[in-house]
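Chains, contacts and geometry: an overview
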Amino acid sequence: ALQKLNMVICLDRAGLVGADGATHHGVFDVASFRAVPNLTIASPLNETELRNLMFTASQPNMGPFIIRYPRGRGYQADWHRPMALLPVGKGYCVHDCSEPKVAVLSLGPRGNVALQAIQQMSNGTNAFVGLYNMVFAKPLDKDLVIEVARRYKRIVTIEEGAINGGFGSAVLECLADAGIMIPVKRIGIPHKFIEHGSQDELYALIGMDADSLKHTFEEEVSKA
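This report concerns the structure included in the present document. Keep in mind it's a predicted model, so treat the numbers as computed, not measured.

1. What about the environment of N164?
- Within the secondary structure, N164 is located in the loop between β8 (154–162) and α5 (167–177).
- As a C-alpha pair, N164 and V30 span 134 residues in sequence and 9.8 Å in three-dimensional space.
- Here N164 is in contact with A31, S169 and H191, once residues within four sequence places are set aside.

Set out below in structure tokens:
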């Protein structure tokens with residue numbers, strides 16, 4: 001990082017790994033590496049984005065570039081598409097809403113589960129929730145965070161990593177530096193070692209399955 005050397009660092013098993021056991025959960029990398037200068041940290045939403053990140057990271061003068069992705073199956077059937085360059089440090093809207101109250105900022109493939117949860121929300125409450133795929137934990141898309149904070153009343157962050165010092169903390173730092181006060185709920189891996197179990201069981205245990213996220217989103221809308 002000091003020499004800005006070109007290196008693509010692929011971190012597989014990002015998040016909870018289930019049957020691989022408690023020693024193999026990949027949850028501390030974002031919090032550990034976020035303080036290192038000249039380092040890019042990205043986590044794709046799906047297979048297409050993973051290919052595009054690999055392609056982008058391999059370009060000249062990108063410096064050290066971390067790409068974190070999970071153990072398990074993907075979300076896309078049609079993933080074999082031409083690769084494209086991605087703008088480094090930029091996120092985008094996945095699900096817009098007509099009456100903005102709660103913005104969900106996600107990092108990594110758990111954004112797919114967040115989208116399922118939004119689609120399943122009761123009584124049309126998903127009209128109040130927007131979903132943004134941030135793609136990069138570092139550099140964080142600060143412009144998008146500030147834009148979202150000015151449009152919505154509450155923010156929820158979701159990450160498949162340690163909640164202490166991770167992506168959600170980066171969002172809080174961005175808002176504090178900009179002098180913006182808005183309620184932020186962080187969802188991630190709690191500050192403890194997670195036991196062995198299936199991925200579905202473990203994500204339900206920490207409130208990151210679709211049902212738990214749906215309940216959280218509805219609760220946040222009721223507070224907005």
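Moving on, there is more to tell.
2. As for the packing of helix α4 (residues 142–151) against α5
- Following both chains from N to C, one finds α4 and α5 inclined at 70°, their axes separated by 10 Å at the closest point. As far as their axial angle goes, α5 and α4 are roughly perpendicular. Seen from α4, the contacting residues are K142, V145, I146 and A149; seen from α5, they are V171, C174 and L175.
- Each residue belonging to the contact of α4 with α5 can be placed in one class, and the counts come to six nonpolar, no polar and one charged.

3. Looking at the environment of P64
- On the secondary structure map, P64 appears in strand β3 (residues 64–68).
- Of the residues examined, P64 reaches a relative accessible area of 6% and is grouped as buried.
- Taking the C-alpha atoms as reference points, P64 and L39, 25 residues apart in sequence, are found 5.4 Å from one another.

4. Some points on the sheet that holds strand β6 (residues 129–133)
- Spatially, the five strands line up as an open sheet ordered β4-β6-β5-β8-β9, and their pairing is mixed. Two strands bound the open sheet, and with one partner strand each, they are β4 (92–95) and β9 (184–189). Neighbour to neighbour, the strand axes of the sheet diverge by 25° on average, direction disregarded.
- Note: strand β5 (residues 102–107) against β8, six bridges, orientation parallel. Looking at β8, one finds that S106 is bridged to I158.

5. A closer look at helix α7 (residues 210–223)
- End to end, α7 covers 20 Å across 14 residues, agreeing with the expected 20 Å (1.5 Å per residue, within 8%).
- Elements in contact with the buried residues of α7: β5, α3 (110–119), β6, β8 and β9.

6. Structural notes on the sheet that holds strand β7 (residues 136–138)
- Pairing is mixed in the open sheet, where four strands are placed in the order β1-β3-β2-β7. The open sheet is flanked by β1 (7–11) and β7, the only strands paired with a single partner. Going from strand to strand, the sheet's axes swing by 20° on average, the running direction of each strand aside.
- Two strands pair when backbone bridges link them, and β1 and β3 are joined in this way by five bridges, in the parallel orientation. Looking at the pairing, I9 lines up with I66 of β3.
- Lying over the sheet, helix α2 (residues 47–57) contacts β1, β2 (40–42), β3 and β7, oriented at roughly 170° with respect to β3.

7. Notes on the pairing of β8
- Of all nine residues in β8, nine are buried; the element is thus mostly enclosed.
- As for the winding sense of the linkage, the β-α-β connection from β8 through α5 to β9 is right-handed.

8. Focus on α5
- Along α5, the residues classified as buried are F167, G168, S169, A170, V171, C174 and L175.
- Residues of α5 that are buried sit in contact with α1 (29–33), β5, β7, α4, β8 and β9.
- Note on α5: the residue one or two positions beyond its end, G179, has a positive phi of about 70°.

The rules behind these values
Residues numbered from 1 in each chain as written. Predicted model: local features only at pLDDT ≥ 70, side-chain atom pairs only at ≥ 80, totals over all residues. Heavy atoms only, no water. Helix = DSSP H or I, 4+ residues; strand = E, 2+ residues; numbered from the N terminus. Contact = heavy atoms within 4.5 Å. Axes fitted to C-alpha atoms, helices over the stretch in contact; angles between N-to-C directions. Parallel < 35°, antiparallel > 145°, perpendicular 65-115°, else oblique. Nonpolar A, V, L, I, M, F, W, Y, C, P; charged D, E, K, R; others polar. Buried < 20%, exposed > 50% of the residue type's maximum accessible area, 1.4 Å probe, protein only. Pairing = 2+ DSSP bridges. Expected span 1.5 Å × (residues − 1). Right-handed = clockwise from strand over helix to strand, strands pointing away.

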